[in-house]
Amino acid sequence: MTKRLISDPAAQPLALATALLLAAGRGERMRPLTDTTPKPLLAVRGQPLMEWVMQGLQRSGVSDLVINTAWLGQQISQHFGDVFEAEGRAPMRLHYSQEGLDFGGALETAGGIVRALPQLADVFWVAAGDVFAPDFVFSPEAYEHFEASPQLAHIWLVPNPEHNLGGDFGLSQDGLALNLPQQAVTQAHDDLLSKAATAGAASQQLLYTFSTIALYKRAFFEAAWCDIPSGNPAGVKAPLAAMLRAAMDNGAVSASLYTGAWTDVGTPERLAQLNAA
């Protein structure tokens, strides 16, 4: 990968990006590593953690990527500049939504997405810069299928990791995400999976973990579902989960199960495990 130094944002060509990379969080559980380095820039197997996602987006043909930043955000823009390049790939233009500079801190997931909305296309990918999923394919076919669907969001779920055994959302047999009560985990994860396999996933209402990887339509962040004006001029902080659950209750969120390598790099121990593999 090579980079070019970031230029004056006003001089960049206006292009609506088809992907947003979330990189604004403080990374409290990763301290003291994140006291001087933003979590998405921590090294995983020889390169910044967020670069694995950027490479996946570039491989899939994404030409414009917005990165939202807050904690130590200028380190991210200084590191990557305004063009991400890899041999044999078309350059990917980078744009920044600088929540830290504009509002003094991160706006949470929904608030951050709405802040970046004027830079995003009508349909766009969202992924987190602190999740390691090197083999995930940001498929153009998945993008086109979702674009033609009636749903407002499509999320990728993963089998529950040890730190989230209760899961987040359910998955119906016809591919809709389900707003189910979180399971109270009183037994080993393997036992839960065994019971689900024996009785059938539908009867067990097995929950999965939200990978953070998703496709959204601009309409999901408009009046019916979100009361924050596009561009979030007031810097409103807003989480995403409640919006997703409300949309699920109206059949507006579809989902897929991803079973490839996936790690939420939320602690120094998980970071060390990845780097030792």
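Chemist: Break down the overall build of the chain for me, with residues and values.
Modeler: Tallying secondary structure elements over the chain gives nine helices and 15 strands in all. Scored against the burial criterion, the 277 residues of the chain give a buried share of 52%. If you sum the accessible surface of the chain, you get close to 12,600 Å²; carbon and sulfur atoms cover 53% of it.

Chemist: Lay out the side chain of Arg270 with the relevant residues and their values.
Modeler: Within the secondary structure, Arg270 sits in helix α9 (residues 268–276). For the buried Arg270, which has no salt bridge, the nearest side chain bearing the opposite charge is Asp264, at an N-O separation of 4.0 Å. A polar side-chain atom of Arg270 sits 2.8 Å from the main-chain carbonyl oxygen of Asp264.

Chemist: Pulling in residues and values, what's your account of the nonpolar core?
Modeler: Ranked by size, the top nonpolar core spans 36 residues in total, and within it Ile155, Tyr216, Phe220, Phe221 and Leu244 carry the most contacts. Elements with a contribution of two residues or more to this core: β2 (17–23), α4 (108–116), β8 (120–128), β10 (153–158), β13 (207–217), α8 (241–249) and β14 (253–257). Not counting the four nearest positions on each side in its chain, Phe220 is found in contact with Leu152, Trp225, Cys226, Leu240, Met243, Leu244 and Ala247. Grouped together as the second largest cluster of nonpolar side chains are 33 residues, Ala127, Ala133, Phe146 and Ile213 included.

Chemist: Run through the pattern of salt bridges, naming residues and quoting values.
Modeler: As enumerated under the stated definition, the model contains eight salt bridges in all. Ionic pairing is found between Arg26 and Glu28, a salt bridge with its closest N-O pair at 4.0 Å. Here Asp130 ties to Lys39 by a salt bridge, and the two come within 2.9 Å at their closest N and O atoms. Linking Asp130 in the loop between β8 and β9 (131–132) with Lys39 in the loop between β2 and β3 (43–44), this pair joins segments that are 91 residues apart in sequence.

Chemist: Which residues make up the pairing of strand β5 (residues 64–69), and what values do they have?
Modeler: Counting buried residues along β5, six of its six residues qualify, which places the element largely inside the surrounding structure. Residues of β5 alternate between two faces, with Asp64, Val66 and Asn68 on one and Leu65, Ile67 and Thr69 on the opposite face, all of them buried. In this sheet, β5 lies alongside β2 in parallel orientation, the contact comprising five bridges. Counted as the bridge partner of Ala19 is Leu65 from β5. Bridge count for β5 against strand β7 (residues 92–98) is six bridges, and the pairing is parallel. Along β7, the bridge assignment pairs Ile67 with Tyr96.

Chemist: Before we move on, can you summarise the packing of aromatic side chains with the specific residues and values?
Modeler: Inspection of every chain in the model, using the stated rule, returns 14 aromatic pairs. A ring pair is formed by Trp52 and Phe132, whose centres lie 5.3 Å apart and whose planes are at 85°; its orientation type is edge-to-face. Taken together, the residues Trp52 in helix α1 (residues 49–59) and Phe132 in strand β9 connect sequence positions 80 residues apart. Judged by relative accessible area, which is 3%, Phe132 ranks as buried. For the ring pair Trp125 and Phe138, a centre distance of 5.1 Å and an interplane angle of 85° mean the geometry is edge-to-face.

Cut-offs and rules
- Residues numbered from 1 in each chain as written.
- Predicted model: local features only at pLDDT ≥ 70, side-chain atom pairs only at ≥ 80, totals over all residues.
- Heavy atoms only, no water.
- Helix = DSSP H or I, 4+ residues; strand = E, 2+ residues; numbered from the N terminus.
- Buried < 20%, exposed > 50% of the residue type's maximum accessible area, 1.4 Å probe, protein only.
- Areas by Shrake-Rupley, 256 points an atom, 1.4 Å probe, with all protein chains shown as cover.
- Lys, Arg positive; Asp, Glu negative; His and termini not counted.
- Salt bridge = Lys/Arg side-chain N within 4 Å of Asp/Glu carboxyl O.
- Polar contact = N/O pair within 3.5 Å; in protein donor to acceptor, adjacent residues only side chain to side chain.
- Core = buried A, V, L, I, M, F, W, Y, C linked by side-chain atoms within 4.5 Å.
- Contact = heavy atoms within 4.5 Å.
- Pairing = 2+ DSSP bridges.
- Phe/Tyr/Trp six-rings, centres within 6.5 Å; stacked < 30°, edge-to-face > 60°.

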